[in-house]
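For reference, the chains in residue letters:
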Amino acid sequence: MSWKSRALSPRSILPALAVLLVLVAGAAAHANKPVPFGDRVAAKGAVDASADPTASLDAADLDLRVGPGLEAYHRATGEHAWSYQREGATALHLEMAGESAVVVWDDGLVTSVRPGDQQVRWHRAVPGLADWLRGAGEPGADKRTEEQRKQLATERAAASLYTVRESAPWVAVVTPELTMGFRDADGDLRYNSKPAGNCVYDPERTVATDYAVLVPRSCANSSGQQVSGGISGYRLDSTGWQLNAGPGVSMKALDGRRVLISDGPIVAPKVFDTWAAAPEAACGSAAEPFAAVRPAGCAGDGTREQ
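Residues numbered from 1 in each chain as written. Predicted model: local features only at pLDDT ≥ 70, side-chain atom pairs only at ≥ 80, totals over all residues. Heavy atoms only, no water.

Any chance you could break down the sheet that holds strand E7 (residues 109-114) for me, citing the residues and the numbers?
Strand order in this open sheet of 4 strands is E5-E6-E7-E8, and the pairing throughout is antiparallel. The two strands at the open ends of the sheet, each matched to only one other strand, are strand E5 (91-97) and strand E8 (119-125). Adjacent strand axes in the sheet meet at a mean angle of 20° when their direction is disregarded. With 4 bridges connecting them, strand E6 (residues 100-105) and E7 associate as antiparallel partners. Looking across to E7, one finds that Val 104 is bridged to Val 110. Here helix H3 (residues 146-160) sits on the sheet in contact with E5 and E6, set at roughly 20° to E5. (Pairing = 2+ DSSP bridges. Helix = DSSP H or I, 4+ residues; strand = E, 2+ residues; numbered from the N terminus. Axes fitted to C-alpha atoms, helices over the stretch in contact; angles between N-to-C directions. Contact = heavy atoms within 4.5 Å.)

In structure tokens, the structure reads:
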């Protein structure tokens, strides 16, 4: 068997060059690919060759603030430590979920950051959140000034975000049309719930404890008249629950597990235990000896919690 060498003709070289050019262009595009979600994390002093921008800090020693991104300052000195910003977005509100800083952005994104090492751990988009923050389509929205729009977005961001410690921290995001729950450990979506029929959730009246988030809802008939309401309770370690309530119900957290529910002048206020997922019996009531949740203490015995 004999082997014959054959020189490549110019025509045969062209396909190989085309493939090479495609590979080079692809590599360049990959190298210039924008950082996902526009994330930019910069440590103060990173331009200094002796500074380590990835050095870990004790989260307890940091003062965290929002605007325009998430800004961290050393509590002891007040010096700026690091900044986390997202291109084209503004941070509106911050809540702590255990050791994580959870931020609501004006474009409807929610992110979790580990302050100690400045690691952005997860991003989650909440449908409809950005429109609600802006008040898009609401009566009089076109007449608001820029300052009024910013103020509205900041207030609604604070009303939409709730963190729960429970056995493992998790995050709830509430809008009138949707509520979602995320496990903070990895951002895993654990539930999403839309109000039924002509009902809407009320983020401003929502209450969080160490164990659950209670979201009131109001409902209207075909003419727009308020006719009913209720409360949806959410936990990650068990199924949720529904409580009957009027459209004007108000709630107040008494401590890390109990919520006082007031439902108008006719119905007496009651205390709901979010750890036991049951109402607390009233002091001195006939049902007290048989209740699922006994009172925390009653007037006269010196043990009633305030």
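Explain the side chain of Ser 193 to me, and be specific about the residues and the numbers.
Tracing the chain through its elements places Ser 193 in strand E12 (residues 189-193). Note on Ser 193: relative accessible area 18%, which makes it buried. Polar side-chain contacts of Ser 193 include one of 2.8 Å to the side chain of Tyr 201. There is a polar contact of 3.2 Å between the side chain of Ser 193 and the side chain of Tyr 234. If near-sequence neighbours (up to four positions away) are discounted, Ser 193 is found in contact with Glu 177, Leu 178, Thr 179, Tyr 201 and Tyr 234. (Buried < 20%, exposed > 50% of the residue type's maximum accessible area, 1.4 Å probe, protein only. Polar contact = N/O pair within 3.5 Å; in protein donor to acceptor, adjacent residues only side chain to side chain.)

Tell me about the state of the cysteines, and name the residues and values.
Counted according to the given criterion, the structure contains 1 disulfide. Two residues share a disulfide in this structure: Cys 199 and Cys 219, whose sulfurs sit 1.9 Å from each other. Judged by the sign of its S-S torsion, about 100°, the cystine formed by Cys 199 and Cys 219 is right-handed. In this pair, Cys 199 sits in strand E13 (residues 199-201) while Cys 219 sits in strand E15 (residues 213-220), placing the two residues 20 residues apart along the sequence. For Cys 219, a relative accessible area of 8% puts it in the buried group. (Disulfide = S-S within 2.5 Å.)

Break down the pairing of strand E20 (residues 267-273) for me, with residues and values.
Sheet topology note: the strand E19 (residues 258-263)/E20 ladder contains 5 bridges and is antiparallel. Along E20, the bridge assignment pairs Leu 260 with Val 271. Hairpin connection between E19 and E20: a loop of 3 residues separates the two successive antiparallel strands, and Gly 264 in this loop has a positive phi of roughly 95°. Across 3 bridges, E20 lies against strand E21 (residues 278-280) in antiparallel orientation. By the bridge assignment, Phe 272 is partnered in E21 with Pro 279. Hairpin remark: E20 followed by E21, antiparallel, with 4 residues in the connecting loop; positive phi at Ala 277, about 55°.

Describe the packing of aromatic side chains, naming the residues involved and giving the relevant values.
In total, this model carries 5 aromatic pairs according to the counting rule given. Aromatic side chains Tyr 84 and Trp 105 sit 5.4 Å apart centroid to centroid with 75° between the ring planes, which places their arrangement in the edge-to-face category. Placement of Tyr 84 in strand E4 (residues 80-86) and of Trp 105 in strand E6 is noted, with a sequence separation of 21 residues between them. For the pair formed by Tyr 84 and Trp 105, the shared burial category is buried. The residue whose ring lies beneath Arg 65 is Tyr 73, and the NZ or CZ to ring-centre distance is 4.1 Å. (Phe/Tyr/Trp six-rings, centres within 6.5 Å; stacked < 30°, edge-to-face > 60°. Lys NZ or Arg CZ within 6 Å of the ring centre and 35° of its normal.)

I'd like a rundown of the pairing of strand E16 (residues 226-234), residues and numbers included.
Pairing geometry for E15 and E16, over 8 bridges, is antiparallel. Within the sheet, the bridge partner assigned to Ser 218 lies in E16 and is Gly 229. Between the end of E15 and the start of E16, which pair antiparallel, lie 5 residues, with Gly 224 showing a positive phi angle near 90°. Taken together, the 5 bridges between E16 and strand E17 (residues 241-245) define a ladder with antiparallel strand orientation.

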